[in-house]
Each structure stands twice: as C-alpha cells, then as structure tokens.
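Observations on the model geometry
Take a look at the letters that make up each chain.
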There are 2 protein chains.
Amino acid sequence: MATRGALKGLDPDSAQRAGVGALIVNAYHLHLQPGGDAVARAGGLHGYMGWQGVLATDSGGFQIFSFQHGHVADEVKGRRHQRPPEDDLLVAAVKVDEDGADFRSYLDGSRQRFTPESSMQLQRSLGADLLMCLDECTPFHVPAAYTRAATERNVRWARRCFDEFERLEMGATQSLYGINHGGVYPELRSLSAAAISGLPFEGMAIGDCLGQTKQDWYQVVDQVVPLLPEERPRHLLGVGEPDDLVEGALRGIDSFDCAMPTRVARHGHALHRGQPRFRLDLTQARMAGDDGPLEEGCDCHTCARYSRAYLWHLFKAHELLGITLTAEHNLRFSARLLEQVREAISAGRLRELRNQLLSRSAETG
Amino acid sequence: MATRGALKGLDPDSAQRAGVGALIVNAYHLHLQPGGDAVARAGGLHGYMGWQGVLATDSGGFQIFSFQHGHVADEVKGRRHQRPPEDDLLVAAVKVDEDGADFRSYLDGSRQRFTPESSMQLQRSLGADLLMCLDECTPFHVPAAYTRAATERNVRWARRCFDEFERLEMGATQSLYGINHGGVYPELRSLSAAAISGLPFEGMAIGDCLGQTKQDWYQVVDQVVPLLPEERPRHLLGVGEPDDLVEGALRGIDSFDCAMPTRVARHGHALHRGQPRFRLDLTQARMAGDDGPLEEGCDCHTCARYSRAYLWHLFKAHELLGITLTAEHNLRFSARLLEQVREAISAGRLRELRNQLLSRSAETG
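Residues numbered from 1 in each chain as written. Chains lettered and ligands numbered in written order. Predicted model: local features only at pLDDT ≥ 70, side-chain atom pairs only at ≥ 80, totals over all residues.

**Details of the overall build of chain A**
Within chain A one finds 16 helices and twelve strands. The C-alpha radius of gyration computed for chain A amounts to 21 Å, which stays within 12% of the reference 21 Å derived for 365 residues, consistent with globular compactness. By residue count, 49% of the 365 residues in chain A fall in the buried class. For chain A, contacts bridging at least 24 residues in sequence account for 68% of all contacts bridging at least 6. (Helix = DSSP H or I, 4+ residues; strand = E, 2+ residues; numbered from the N terminus. Rg over C-alpha atoms; globule rule 2.2 N^0.38 Å. Buried ≥ 20, exposed ≤ 12 C-beta atoms within 10 Å, placed from the backbone. Contact = placed C-beta atoms within 7 Å.)

**Side note on the pairing of strand 4 (residues 101-104) of chain B**
All names here are of chain B. Side-chain alternation along strand 4 places Ala101 and Phe103 on a buried face and Asp102 and Arg104 on a face that remains uncovered. Pairing analysis gives two bridges linking strand 3 (residues 95-96) to strand 4, with the strands arranged antiparallel. Its bridge partner being in strand 4, Lys95 is matched across the sheet by Asp102. Relative to strand 5 (residues 111-114), strand 4 runs antiparallel, the two being bridged by four bridges. Bridge assignment links Phe103 to a residue of strand 5, and that residue is Gln112. In this structure, the hairpin formed by strand 4 and strand 5 is closed by a connection of six residues, where Gly109 is found at a positive phi of approximately 75°. (Pairing = 2+ DSSP bridges.)

**Thoughts on the sheet that holds strand 5 of chain B**
What the three strands build is an open sheet, ordered 3-4-5 (chain B); its pairing is antiparallel. A single partner strand is all that each edge strand has here, and the edge strands are strand 3 and strand 5 of chain B.

**Considering the relation of the copies chain A and chain B**
The transform that puts chain A on chain B rotates by 180° and translates by 0.0 Å along the axis, for an RMSD of 0.0 Å. The transformation just described matches what one would write down for a two-fold rotation axis. Considering only C-alpha atoms, the residue of chain A closest to the rotation axis is A:Leu320, which sits at 4.1 Å. (Least-squares fit on C-alpha atoms with pLDDT ≥ 70 in both.)

**Let's talk about the domain arrangement of chain A**
Residue and element names in this part refer to chain A. Split by domain assignment, chain A resolves into domain 1 (12-258) and domain 2 (263-363). Here the C-alpha centre of domain 2 lies 28 Å away from the C-alpha centre of domain 1. Between domain 1 and domain 2, the residue contacts involve 15 residues of the former and 20 residues of the latter. If you list the elements that add at least two residues to the side of domain 1 that touches domain 2, you get helix 1 (12-17) and helix 11 (242-250). The element best represented in the side of domain 1 that touches domain 2 is helix 11, accounting for seven residues. Residues of the side of domain 1 that touches domain 2, tallied by class, amount to eight nonpolar, three polar and four charged. (Domains from an automatic or database assignment. Nonpolar A, V, L, I, M, F, W, Y, C, P; charged D, E, K, R; others polar.)

**Comments concerning the environment of A:Asp208**
Locating A:Asp208 in the fold gives a position in the loop between strand 8 (203-206) and helix 10 (214-224). With 29 C-beta atoms counted inside 10 Å, the residue A:Asp208 sits in the buried group.

**A short note on the pairing of strand 8 (residues 203-206) of chain B**
A regular strand places its side chains so that they alternate between the two faces of the sheet. Residues and elements named next belong to chain B. Examined bridge by bridge, strand 7 (residues 175-180) and strand 8 share four bridges and lie parallel to one another. In the strand pairing of strand 8, Asn180 is matched with Ile206. Chirality of the crossover, the property in question, places the unit of strand 7, helix 9 (residues 186-197) and strand 8 among those that are right-handed. Where strand 8 lies against strand 9 (residues 234-236), three bridges are found, and the strand directions are parallel. Across the sheet, the residue bridging to Ala205 is His235, located in strand 9. Of the crossover connections in this fold, the one passing from strand 8 over helix 10 (residues 214-224) to the parallel strand 9 is right-handed. (Right-handed = clockwise from strand over helix to strand, strands pointing away.)

This is the structure in structure tokens:
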C-alpha cells in the first residue's frame, strides 16, 4: 500500500528485498497531487516512484465517498469510534449522480469530478499494471435501499469503465479488475457478482462494506467467491492482517492489499507470530534489555542485523530509522506468510497453517 | 554525524552506497540512553548500529557544557538568535570542577558525572575506532579569563584521558584524538597546541569556540595547524558546509564531521553546487514541474532514479521517503566533494576547485 506514490517510511529497494511483489497506489490522491500529468511525464508510476515490481491503482472511490458519509472508512473497516466532528463539514462536499461524483479537493478546496471514463483516463496516465473500476463504497449504517441503488449504479459504472478501457486500447499494457459490491446483503452481492462476472475483466475484486467483524467478511467472501469465475484472480480490497491472509486464502482469495505493516511500524509495533494481535510493542520498557531480533527465525534484513534493544532506543530517541527498520520487518513478515500460504496450498496443509498461526498468537494473548 | 547511534532519516547501507566512510556518534547522548552497557552487550557500536565503516565517538563535552552556558551551541556555531528561555533552567544543572563535571540527564533529570577517566571507560564500552578526549567547550561571550582557565584544565584532562586510555590498554583496537582549545585567543590556542602535541595522540582535533564568522575559524585554523605535528591527522570538529570542506582542506585539515547534510534534508533542502548556500529548496512550487534530477551530473542513487517533481510531491505529502532520498543525495554530495578535494590535492589544483565552487554558488546567489 503506497497510497500517495510512496511506501510509508522505507524505499522501494527495501520493500523488494523484503519480498514485496506488488504495490497499490491511490489514483484519487495522486490526481489531487501531483496530478496524472506529472506522473505521465515521468513515463508512469513505475518510473516516477522507482518501483519495478507489479503496480496497481485503486480508483479512490473509497476515499471520495468516505467524505460523503462522514466515516465510511471506519465502518467499512469495522472500526466503531467516532470521527472528530470537523469531518461533518465534508459531508456536503460530495455529490453522486448517475454520471459520476462531484467532490472537493481536501488539499485546496477546488471542485473536482470523477466519472467512470475520467477514472480510466486518469489510471491510464498513471500507467499501473492493474486498475480498478471507479465505484461508490457504501458504509454499514445506510439503509439497505441506499446500498441497493449504489450496487446497481456500480454495475453500470463497471460497464462504462470497461468500455472506456476498451476504447482507449489500454488492454495492451494494463489489466482492469471489476469490483463486487452489495454490502452485507447476500442478494445484492449475488446481483453484483453475476453482472461483473459477465464482463471480461482480467480479475475480480471484492470491495464495498464488508461488515463490522471478521465473521462478517468471512460470510461475504464465502458467499461471493463461488459466484466469481473460477479461472480469474480474486482480490480482497483493504484487508490484510496476518490471520486475514490465511483466512482469505482458505476462502479462495488470491491477493490482498493493506497499509497495516507500514502503519503499525510508525507506532513502534513489529509483526510477530507469538504476540496478541500479532504485534510486538518495541517501545515497552522491557525491550531496552532484549538483545534478540524482532522475531526469532525471521530472515529479514532488520532481524539479521539489529536487536530489539536498538529498535527500542531508536523509537525512544524519535529516530526515523526505527520506523524504516520496523517497516521492512513487517513487510517481510507479510510476504513470508504469503509464501507459506502458497506452500501450504500446494501441500494441502492450509488449515494446519491457520490453526498454528492462531494458536501461537492466542498463547500469549 | 549519527548523534544518537543512527543517521537521521536513512539506513547505514544507503550511507555506505553514498560513499560515506566514517560516522561520528555522541558518547554523552548514548550514555544517557541506552547506556554504554547496552551497546557493549551488542559487541560495541559497529554491531549495535550495523555500521561496518569507521566509527568515531565524540565525548559529548560540547553537549554537556552547552547547558551550562545556555546557548554555547549557537555561539560556537556562529548562530546569534536566542534560545527559548526554558533553557535557562538548565544553566544551574552543570557544575565543573578540576576532577570532572556534574550534570543532569535531559531525559529523566537524574544526576550524572563525567570525568576524563569515566569518559574513556564509556568510550571503551562503545567500542568506536576513534575517540575524543573529554573537554569543556567555551562559548564566545565568556571572559577571556574563563576561556584561559578552561583551556588549561582541558590540557590536564587530556593527559588524564590519555593515561586512562593507556591503563585500560585500549590502544590495541582504538585510537585517541587530542583536542586543541583556546577559543579565539591565539595565545591560548598556542599553549593548548604545544601541550597536546607533546602527548602521543593518534590524531589532533581542533575544537572549542571557533568564533562567530567563517573568517574567525579560518584564522584559528591558520594559526593552529602549523603548531600541530605534521605526520598526524587533523580533524575539525563540527564544521562541514561544502565551502568549509575546501577551505579546511586548503588549510591542512584532513577530516570533518557535520550534521548538516541530513539536517537540511529534513527541511526539504538538497545540496547543489549552483544554489545560494549550496541548498536547493525542493518544496518550492516551481519544483512541481521540474522532471530533472536533484543536481545535474550527480551520481547518487536518488538522482539516478527520481525527479525533483517527485521529491516535491513527497515533501508536500509529508512522506518520510522524501527525507530519506534527499539525505542520501546530500551525503553523496559531501562525499563526492571530498573525493574531488583529494584529487585536487594530488593534482595541485585545490585553489582552483575552491574558486570554481564559490563562483558557481555565487552566480545564482
């Protein structure tokens, strides 16, 4: 997750060394700054941000519509705390109609408009390998009728995205993913799955509101995956805690994106299999005397060279290097877990891996 | 300059790639946190901070005595603005006597004491290659009599440092530098130079107050260098702007240390030969449309891959990567300039290099 065209806190070489194969960038944020033209001048995102691996762009519908509903981001992600009241000022800043969405830039207040067509044009300038259709993402608290209307419009927008993608002959170098919607309503999920499966997208993403708990998203994914074409890759948008990777793979998900590994690094948390919620707090006083690596047995560059005691010192001294070194460990943790998921799938041992992972984290939890 | 055991904003590999050969770490800061024992447990600073190149430790006398005088750091460095009044609270926190100095930790208020002997013991635990004697650094505004008393005591402390260094048999793996003192008073500089030249230090550093302007330090260095033993390396403490490197080399200085390259990177400034004060401000609006490298002809990793426009975007978006990429460029700038200084010395063209450097910066200044 390199939202604004940069991984947070570390350079692309370190991410590559950690085994990260793909980054996802947010087209909405890059549209507002620096703009699609600036990226196109550099020959596209690969050159602009110095990343040679796979690149995806999300349309940014999620971010635009977050503002419309005040706190859709929290709800879709299952967080229940309230946003500060300032966000209410933004409610009126987004207006959706059949053709597209009007919104204001959070940077300079300027009026902006996204349509399915303009989103494809923007994502063409950005030049990523995988693109996402423009969609409206609905929060949990809206009436079912709202979610129905949005789901149906998202299907029409997906068709328009595909048509524009074809018209611009983008298929030679780029691939477009359709997105499944419908919130927590099985009927709407089915309707959406049938419609996007009928279009020749290269891959399928599962998006929109996934409920409020992990059980909720398991249910959505369990229902939707059998409705998607077997031969096309399936992506689960914005989900990627360690247990999610295994639970998703068990349910037929092929890829994930998540800002968590770099985000928790900024708070001094190293991913660790034996810790509650898979997080080791490197700022705890007991780390000061711990000369072991962040995680025993980890093959990352940080664990090979540095101790928990050094990382504790860096976070206490507010040295940016603490974030950088922890972020590389966290990316390696996720990449390594996905390597193990692939091996377990080949060996028919995925359930065993899930049970191991959950029991180790629970032991000390 | 890796004050607290970490370069600010980038990892040791990137610094090495930039051609940085040596880092200097502050023994005083590391004593307060994490403590010499924590570093010793990791086998010394090389292992602790993952740096395979040359490492030096400064004693930290400069930092301790900064608090005594309220704003010695600003004065020694020629900055004239006032520190915030809170610093006055710290004035009483340092007490020097013939034996050593009492001070309080800025982290937890605990009472601490440094003596020449304890400083050597600390620097032994830290395990750097080059060590500095403990010294009191005097500010510009104190009476000449104060500077005289401190200079004479610094000579006695230098002898005690050397004796402790010998007693602990540290010479097998570590080298100790003596430091020349005397503020802007030629008589005191001579007295100090004669005394430290009489001790078998591996190298000589020029420290203490160097005046308020560049002309002041040129005068100090011009006077002192001929008084130091020809065959031993000479280090100029805490000075390292681009012009300083050449002006210092012209005056017989062999090495420098300076936090400027990483510090200005945190403010979005890239070192550049053609800019006023050698700084290109990457946050200026005109950078948004500039697809060129930070500096034409630079061979650093950042200039090879990234544009000014991308760096502008990173700083505007508050992405830490902007600091990291700019810091690597700035370190490469300084390392490359020192490479050119060495070549120019061999070719007898050092004055020419100085004139080129100053005229290019002045052109656009």
